[in-house]
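What the coordinates show
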Amino acid sequence: MDNQSILEVKGLTKIYGTAKAVDAISFSVRAGEIVGLLGPNGAGKTTTINMILGVLEPSGGSVEIFRNELKRNRGNIMERVNFAAIYAHVPGNQSVWENLYIFGLLYGVDNLKEKISMLLKEFSLEEFADTKAGILSSGEQTRVALAKAMINTPKLLLLDEPTASLDPSTALLTRDKIRKYAAHEQAAILWTSHNMHEVEVVCDRVLFLSHGRILLEGNPKTLTREYKKKNLEELFITIAREPLSLEITS
Ligand code: ATP
């Protein structure tokens with residue numbers, strides 16, 4: 001582990017019955033780095049994120065965050081971690097402001113009201129501050145989930161398809177905000193997406209997961225050149241359909 005390493009995953013495994021959803025994967029994410037976790041449906045991305053969050057018990061391997069073992073220090077570690085996912089909206093019966101306030105209290109955020117005002121502005125949510133989160137459109141709820149994910153100024157941010165329900169213009173602005181956040185706060189970000197254009201623009205490094213294993217890892221721009229593909233999407237499709245062909249074409 002180097003000085004800059006925020007997340008260190010070693011031999012992480014999740015077995016359901018006889019199926020290995022995640023099969024002994026190892027990787028790290030450094031401060032200020034955005035790493036894309038890619039792979040076809042069922043590859044093991046969400047399972048990996050849930051184990052890093054400590055909501056799913058691994059069958060094997062270890063997760064270290066801020067150089068501390070997750071298993072032993074989850075409470076302290078999670079104070080500086082946060083998460084947003086397309087499937088994890090904030091509670092719908094509270095207003096947007098109330099949601100941010102409650103999460104802010106849980107994280108013990110200083111100057112909470114100022115922080116909420118800043119986030120409402122940042123994610124263009126001011127007009128919805130007093131609206132119950134549950135009646136917002138899915139793209140609006142995604143923006144609320146992202147604002148919630150920033151409430152404690154996390155040093156490790158896990159984003160599971162954070163832009164999937166956003167329109168192209170909002171997605172562009174959101175990607176830009178998250179990139180700036182990573183650079184400004186020197187936060188480590190693990191980002192899953194099926195949008196390969198987005199991944200090429202946003203991620204410093206990608207991990208291709210297939211059947212729970214990391215098949216390929218590297219800079220998205222250089223990987224496409226290395227494997228003689230037009231773009232990351234073409235490389236993704238090749239890996240998803242014919243993982244073994246990589247050795248032949250490279
Ligand atoms: P997607 O891109 O579709 O979101 P993913 O890469 O996030 O997929 P996971 O949700 O991590 O995939 O699922 C990995 C594998 O583990 C899948 O084959 C899934 O069916 C299986 N799986 C996930 N949860 C369970 C469970 N509770 N019991 C049994 N199998 C499970």
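Note that the structure is a prediction, hence the values are computed from the model and not measured. (Residues numbered from 1 in each chain as written. Predicted model: local features only at pLDDT ≥ 70, side-chain atom pairs only at ≥ 80, totals over all residues. Heavy atoms only, no water.)

The topology assignment puts Ser 95 in the loop between strand S6 (81-85) and helix H3 (96-107). A relative accessible area of 8% means that Ser 95 is categorised as buried. Excluding anything up to four places from it in sequence, Ser 95 contacts Ala 129, Asp 130, Thr 131, Lys 132 and Ala 133. (Helix = DSSP H or I, 4+ residues; strand = E, 2+ residues; numbered from the N terminus. Buried < 20%, exposed > 50% of the residue type's maximum accessible area, 1.4 Å probe, protein only. Contact = heavy atoms within 4.5 Å.)

Close approach of charged atoms lets side chains of opposite charge pair. In the structure shown here, the tally under the stated rule is 11 salt bridges. Overlapping salt bridges bring together Lys 20, Asp 23 and Arg 213 as one network. (Salt bridge = Lys/Arg side-chain N within 4 Å of Asp/Glu carboxyl O.)

Attention now moves to the UniProt feature "domain: ABC transporter" (unreviewed entry) in the protein chain. UniProt's entry tags residues 7-236 with the feature "domain: ABC transporter" (unreviewed entry), counted in the numbering of this structure. A distance of 25 Å separates the end C-alpha atoms of residues 7-236, which is 40% helix and 27% strand. (UniProt positions renumbered as here; feature names shortened; annotations may be inferred.)

A few words on the site of the ligand. Neighbouring residues of the ligand: Tyr 16, Ala 21, Pro 40, Asn 41, Gly 42, Ala 43, Gly 44, Lys 45, Thr 46, Thr 47 and His 194. At 2.9 Å, a backbone N or O of Gly 44 approaches an oxygen atom of the ligand. In the model, an oxygen atom of the ligand is placed 2.8 Å from a nitrogen or oxygen of the Thr 46 side chain. For the ligand, whose free accessible area comes to 640 Å², the fraction covered by protein is 55%. No other element matches the three residues that helix H1 (residues 45-53) contributes to the shell around the ligand. (Near = heavy atom within 4 Å. Polar contact = N/O pair within 3.5 Å; in protein donor to acceptor, adjacent residues only side chain to side chain. Areas by Shrake-Rupley, 256 points an atom, 1.4 Å probe, with all protein chains shown as cover.)

Moving on, we get to helix H5 (residues 138-150). With 13 residues, H5 extends 19 Å from end C-alpha to end C-alpha; this agrees with the ideal 18 Å at 1.5 Å per step. Those residues of H5 not exposed but buried are Gly 139, Glu 140, Gln 141, Thr 142, Arg 143, Val 144, Ala 145, Leu 146, Ala 147, Lys 148, Ala 149 and Met 150. Tucked into the core, H5 has its buried residues touching S6, H3, helix H4 (112-122), strand S7 (156-160) and helix H6 (168-185). (Expected span 1.5 Å × (residues − 1).)

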